[in-house]
Amino acid sequence: MKHPLPAQPRHIGVLRLSALGDVCNLVPTIRALQRQWPEARITWIVGKAEHSLLAGLSGVEFVVYDKSTGLAGMRALWRELADSRFDVLLHMQQALRASALSLGLKADVRVGYDKARAKDAQHWFTHRRLAPHPNAHVLESFLDFARLMGVEDLSLEWNLAIPSAARDEARVLTGDARYLLMSPCANPRLRNFRNWSAEGYAAVVQHAWEQHGLCTVLTGGGSTQEREMGERIQALCPPEAVIDAIGGTSLKGLLALIDAAQAVIAPDSGPVHMANALNTPTVGLFATTNPDRAAPYRWRDFVVNRYPEAVRSYLHKEPEEIPWGQRVRHPDAMSLIRADDVIERLEAALQHAIDHPPAKDA
């Protein structure tokens, strides 16, 4: 017997801890739930870094779980929510850690992914499953939760909060300059291989400077890998063409920089999805990740897509022969992207923004 879904939920729980790009892709689902049930209380259980990005999201209560605190942190969160009971818990993270965390939450019905999408046996921890949706984009997979709940209006809306202090932080770095924002490095996880070359990035910086008078703001975390990449790019470019902000911004400050940029260029990483949420022209660089699943959703037509070639070259298969979303974990895959590819897509995105000025919703 299926657990019935509430027709008029009073309290909706959302469990999605990470990552930065994914939580950006989830926000339209939150907005859809709010439009359908404006009186409903929404509590989002989220990771620490992700909360610093999303803080101030209107109509949402956040409960923060710091993954580094392990089981002790879970117990603390359970105590914090001991008096809360959700009419429905939307379990949107296919990870054993999140499923373990869900066990201490009180909910009348728990909704998770269909079996094909439920990694780490997530379907064992839920009452109801989504309808199958093969080959779905990540953002569409999140909207499937709203679809199951009977939400009618699935139009895309973000309205991320950018406080005035974050805009001041951005202005200190850029002044009145018109700029391109470039975040050259993805998360340095084991065998990630999403980063392009310093030489390629430098060629794009040079083009933006010479052809458009745009300087390039380099952003990223403060890791050794990111700082070294920034130094290599700068060494290949005119000094006046680059503003180095690597390791120098908060996440809200990065949002403000992205919001004021003429365009954003980055591999499959949080910044392309942050830019997508702000409707800033976005050129995503994809070879190790399938952009049909994970590209910046509103700017999919401006992706540099070398994923099919990478699949054929390094997995020796056709894209339709491998599981949806499979990564190409080869250190040379991103070298399939050429500087001319990126420049051509950048030109197209900039022209599109002139012809169809993107409406800013934040």
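These notes cover the structure that comes with them. Remember, predicted model here, so these are calculated numbers, not experimental data. (Residues numbered from 1 in each chain as written. Predicted model: local features only at pLDDT ≥ 70, side-chain atom pairs only at ≥ 80, totals over all residues. Heavy atoms only, no water.)

1. Re the sheet that holds strand β10 (residues 263-267)
The strand order across the open sheet built from 6 strands is β9-β8-β7-β10-β11-β12, with neighbouring strands paired in parallel fashion. The open sheet has two edge strands with one neighbour each: β9 (242-244) and β12 (304-305). In this structure, strand β7 (residues 179-182) lies alongside strand β8 (residues 215-218), joined through 4 bridges in parallel fashion. Note that in β8 the partner of Leu180 across the bridge is Thr216. (Pairing = 2+ DSSP bridges. Helix = DSSP H or I, 4+ residues; strand = E, 2+ residues; numbered from the N terminus.)

2. Considerations on the packing of aromatic side chains
Inspection of every chain in the model, using the stated rule, returns 4 aromatic pairs. Pairing Trp44 with Phe62 gives two aromatic rings, centres 5.6 Å apart and planes at 35 degrees, and the pair type is tilted. Placement of Trp44 in strand β2 (residues 41-47) and of Phe62 in strand β3 (residues 60-65) is noted, with a sequence separation of 18 residues between them. Taken as a pair, Trp44 and Phe62 share a single burial class, namely buried. With 5.1 Å between their ring centres and 90 degrees between their planes, Tyr113 and Phe145 make a pair best called edge-to-face. (Phe/Tyr/Trp six-rings, centres within 6.5 Å; stacked < 30°, edge-to-face > 60°. Buried < 20%, exposed > 50% of the residue type's maximum accessible area, 1.4 Å probe, protein only.)

3. Comments concerning helix α13 (residues 339-355)
Between its first and last C-alpha atoms α13 spans 24 Å; for 17 residues at 1.5 Å apiece the expected length is 24 Å, and the two agree. In this structure, the buried residues of α13 make contact with β7, α7 (198-212), β10, β11 (282-286) and β12. (Expected span 1.5 Å × (residues − 1). Contact = heavy atoms within 4.5 Å.)

4. Here's the deal with the sheet that holds β2
Strand order in the open sheet made by the 6 strands is β3-β2-β1-β4-β5-β6, with parallel pairing throughout. Each edge of the open sheet is held by one strand with a lone partner, namely β3 and β6 (128-129). As paired strands, strand β5 (residues 110-112) and β6 are joined by 2 bridges and run parallel to one another. Paired with Val111 across the two strands is Arg128, which belongs to β6.

5. Here's the deal with the pattern of salt bridges
On inspection of all chains with the given rule, the structure shows 19 salt bridges. Among the ionic pairs, Glu61 bridges to Arg41, the shortest N-O distance being 2.9 Å. Taken together, the residues Glu61 in strand β3 and Arg41 in strand β2 connect sequence positions 20 residues apart. Among the residues examined, Arg41 registers a relative accessible area of 38% and is labelled partly exposed. In this structure, Arg312 and Glu318 form a salt bridge, with 3.0 Å as the shortest nitrogen-oxygen distance. Accessibility expressed as a relative area gives 40% for Arg312, which makes it partly exposed. Residue Glu318 is classed as partly exposed on the basis of its relative accessible area, which comes to 29%. Bridged by salt links that share partners, the residues Asp114, Arg117, Glu140, Asp144 and Arg147 form one connected network. (Salt bridge = Lys/Arg side-chain N within 4 Å of Asp/Glu carboxyl O.)

Nothing here speaks to function; it is geometry throughout.
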